[in-house]
Amino acid sequence: VSVCAITTTSLPGGTIGTAYSQTIGTSACTPNPPTSNWTVATGSLCPGLTLGATTGVISGTPSGSPGTCTFTIQTIDTVPNTAVSGTLSITVGAAHVLTASPSTMTMTCASGGSNPPLQNIAVAESGATLDQFSASKTQSWLSLSPTTGVAAGNVAVTAPGCSGLSVGAYSDTVTLTSTTSGSTG
């Protein structure tokens, strides 16, 4: 005779600020999966996560500090009206943050002179390996290379259009976006 059981024995980790969703598995329950009475019997889910009372789905966006949350999930097998439970944990890691250094730079163009030397922006991501990034700017007199990358590295910033500008102060914003996490720097 099969007995209703929670079959999920481990859950994948999450990341602060990144959506999370996992369904708790069961077997031999009536109905299977149970459609009501899902609760956290002891302990607590990580901040930002909730348990669907009718679905057995842990979902949300982890928040707060990195760490491990241990809890006991419980549901009811309606025949023979018996509670079943399982103890699980979720480890939540730090948010992925794109870093760019330096955060500001100045280039000086001399009237009738040559273009200023190139400067580099170092691109990395904390909390994860930077898989891909893109770089963009808004002004035509500024140049970036590369505008996409597949690993942490440098973006060269040059002002080849500097000699065509009138005397004055000019500014632009370089936006770096991680396609790993969507964060910008």
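Attention here is on the structure that accompanies the text. Quantities reported herein were computed from a predicted structural model and do not represent experimental measurements.

Let's talk about the overall build of the protein chain
Looking only at helices and strands, the protein chain features zero helices and 16 strands. Compactness check: the protein chain gives a C-alpha radius of gyration of 26 Å against a globular reference of 16 Å for 185 residues, more than 25% above the reference. Expressed along its principal axes, the backbone C-alpha trace of the protein chain runs to roughly 90 × 25 × 25 Å. Within the span of the protein chain, comprising 185 residues, buried residues form 29% of the whole.

Comments concerning the pairing of strand 11 (residues 119-126)
Strand direction decides the pairing type here: strand 10 (residues 97-101) and strand 11, joined by five bridges, are antiparallel. Looking at the pairing, Leu98 lines up with Glu125 of strand 11. Taken together, the five bridges between strand 11 and strand 15 (residues 153-158) define a ladder with antiparallel strand orientation. Its bridge partner being in strand 15, Gln119 is matched across the sheet by Val157.

Points about the sheet that holds strand 7 (residues 57-60)
Taking strand neighbours across the sheet as the criterion, the three strands line up as 3-7-6 in an open arrangement whose pairing is antiparallel. Two strands in the sheet have a free side with no partner beyond their single neighbour: strand 3 (20-23) and strand 6 (49-51). Within this sheet the neighbouring strands show an average axis-to-axis angle of 15 degrees, counted without direction. Pairing analysis gives three bridges linking strand 6 to strand 7, with the strands arranged antiparallel. If you follow Leu49 over to strand 7, its bridge partner there is Gly60.

Procedures and definitions
In every chain, residue numbers begin from 1 and rise along the written sequence. Selection of residues for local features in this predicted model requires a pLDDT of at least 70, selection of side-chain atom pairs for listing and counting requires 80 or more, and totals for whole chains, interfaces and linings are taken over all residues. The basis for every side-chain value is the complete set of heavy atoms in the structure, and neither hydrogens nor water enter the calculation. Numbering of helices and strands starts at the N terminus; helices are DSSP runs of H or I of at least 4 residues and strands are runs of E of at least 2. The globule rule used for comparison is 2.2 Å times the number of residues to the exponent 0.38, while the radius of gyration itself is calculated over C-alpha atoms. The classification of residues rests on relative accessible area computed with a 1.4 Å probe and restricted to protein chains. Under 20% of the type maximum is buried, over 50% is exposed, and intermediate values are partly exposed. Two strands make a pair as long as DSSP finds a minimum of two bridges between them. Whenever a helix is involved, its axis is fitted only over the stretch in contact; in every case the axis is a line through C-alpha atoms, and angles between N-to-C directions fall within 0 to 180 degrees.

So yeah, pure geometry; function would need other evidence.
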